[in-house]
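Residues per chain are reported as follows:
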Amino acid sequence: MTEPRYDVVAIGNAIVDVMSPCEDELIEELGLERGGMTLVDTDRARELYAAMGPAQEISGGSAANTLAGLSSLGAQCAFIGQVAQDQLGEVFAHDIRAVGIDFDTPSREGEPPTARCLIFVTPDGQRTMNTYLGATQFLPPETIDPELIAAGKVLFLEGYLWDPEEPRAAMRRAIEASKNAGREVAFTLSDPFVISRHGDDFRELIDQGLIDILFANHHELAALTGKDDFDDGLAELAKKVPTVVVTRSAEGAVAVKNGERAEVPAEPIAKVVDTTGAGDLFAAGFLKGHVKGDDLGTCLRMGAIAAAEIISHYGARSEQDLAALMTKKLG
């Protein structure tokens, strides 16, 4: 087998995040689902943007955030995602390349514009996300280069992108290419609402043995398995997926790999500022350990450290040197 060029190749939404602090009252006034992620159309996106206070704009998207964390930890990564030929598309491409990630997906002409996620952050650090998918939902299957997929040790896919038809077909093509090349496929469930729409697809992928590493939080675990008891749900998935990783917010995280179980507590921080990207960066830390060949407990600890850094400030991209932070915390 050819030695892979990349540690991780990811397919995900190419989104620019627009983040703004707000009071709880505004969430109610706008009729938003507090703490959730809601898809919005063009008119609703404009309405919500107009209601926002001063905002910070930065390239985002779940899988792209994970790759940014991986790159800061020294991993070699490539990203596949669709932007439009517009200003935000140029911003996204510049940002992701600036952190050392290869990104060569051709931009799309015409409408719709590049995707954006409008994030309202309440004083407790909870984020309420409203996503306008725009161009990102038109990633064509022919964009997937089997040679690029084969060049990565791990193919990382985000559940959010499973909703539109074209990216779903692209991701299926990538899974096939990854398996043909003998690589691993990692999948993050993203959100319970995604499972409510596509849970049957996800369960089919799992039953067919196409997922090697599955990331979920405890809410997504329950939604996917239909089991209220955490351990029962984890045990069910662990029978079918070689590595299952489940985060539990303040209670830390649990993973089962080929029958071996490991747990870590959440990393202590002074204050939770913004939970945006916590799961994305947890996946980054875990995957970095995984591709290095670290033991399961170390992989979990790396995930917890990266997640703690991200929730200590606004935004889903790290502000500290993650590699230096890992050295400090892990010794």
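Here, the structure is the one placed above.
Fair warning: this is a prediction, and the values are worked out from it, not measured in the lab.

(A) Representation of helix α11 (residues 296-310) within the structure. The end-to-end C-alpha distance of α11 is 22 Å, a good match for the 21 Å that 15 residues give at a rise of 1.5 Å each. Here α11 lies mainly inside the structure; twelve of its 15 residues are buried. Every buried residue of α11 is listed here: L296, C299, L300, M302, G303, A304, I305, A306, A307, A308, E309 and I310. The secondary structure elements touched by the buried residues of α11 are β12 (243-247), β13 (253-257), β14 (260-264), α10 (278-292) and α12 (322-330). The N-cap residue of α11 is D295: its side-chain oxygen and the backbone nitrogen of G297 are 3.1 Å apart.

(B) Structural context of the pairing of strand β5 (residues 77-80). Residues C77 and F79 of β5 are buried on one face, and the alternating residues A78 and I80, pointing to the opposite face, are buried as well. In terms of strand pairing, strand β1 (residues 6-11) meets β5 through four bridges, oriented parallel. Note on β5: the bridge partner recorded for A10 is F79. As paired elements, β5 and strand β6 (residues 102-103) share two bridges and run parallel to each other. Bridged to F79 within β6 is F103.

(C) Spatial organisation of unusual backbone geometry. With an omega of 0°, the peptide bond between E111 and P112 qualifies as cis. Examined against the element boundaries, P112 turns out to sit in the loop between β6 and β7 (115-121). In this structure, S249 takes a positive phi of about 55° despite not being glycine. The topology assignment puts S249 in the loop between β12 and β13. Notably, N258 is not glycine yet its phi reads approximately 50°, a positive angle. In this fold, N258 is placed in the loop between β13 and β14.

(D) Representation of the pairing of strand β9 (residues 152-158) in the model. With six of seven residues buried, β9 lies mostly within the body of the structure. Bridging between β1 and β9 involves five bridges; their strand directions are parallel. When the bridges of β9 are listed, Y6 appears paired with G152. The pairing of β9 with strand β10 (residues 184-188) spans five bridges and is classified as parallel.

What counts, and where the lines are drawn
- Residues numbered from 1 in each chain as written.
- Predicted model: local features only at pLDDT ≥ 70, side-chain atom pairs only at ≥ 80, totals over all residues.
- Heavy atoms only, no water.
- Helix = DSSP H or I, 4+ residues; strand = E, 2+ residues; numbered from the N terminus.
- Expected span 1.5 Å × (residues − 1).
- Buried < 20%, exposed > 50% of the residue type's maximum accessible area, 1.4 Å probe, protein only.
- Contact = heavy atoms within 4.5 Å.
- Polar contact = N/O pair within 3.5 Å; in protein donor to acceptor, adjacent residues only side chain to side chain.
- Pairing = 2+ DSSP bridges.

As far as function goes, none of this settles anything; it's purely spatial.
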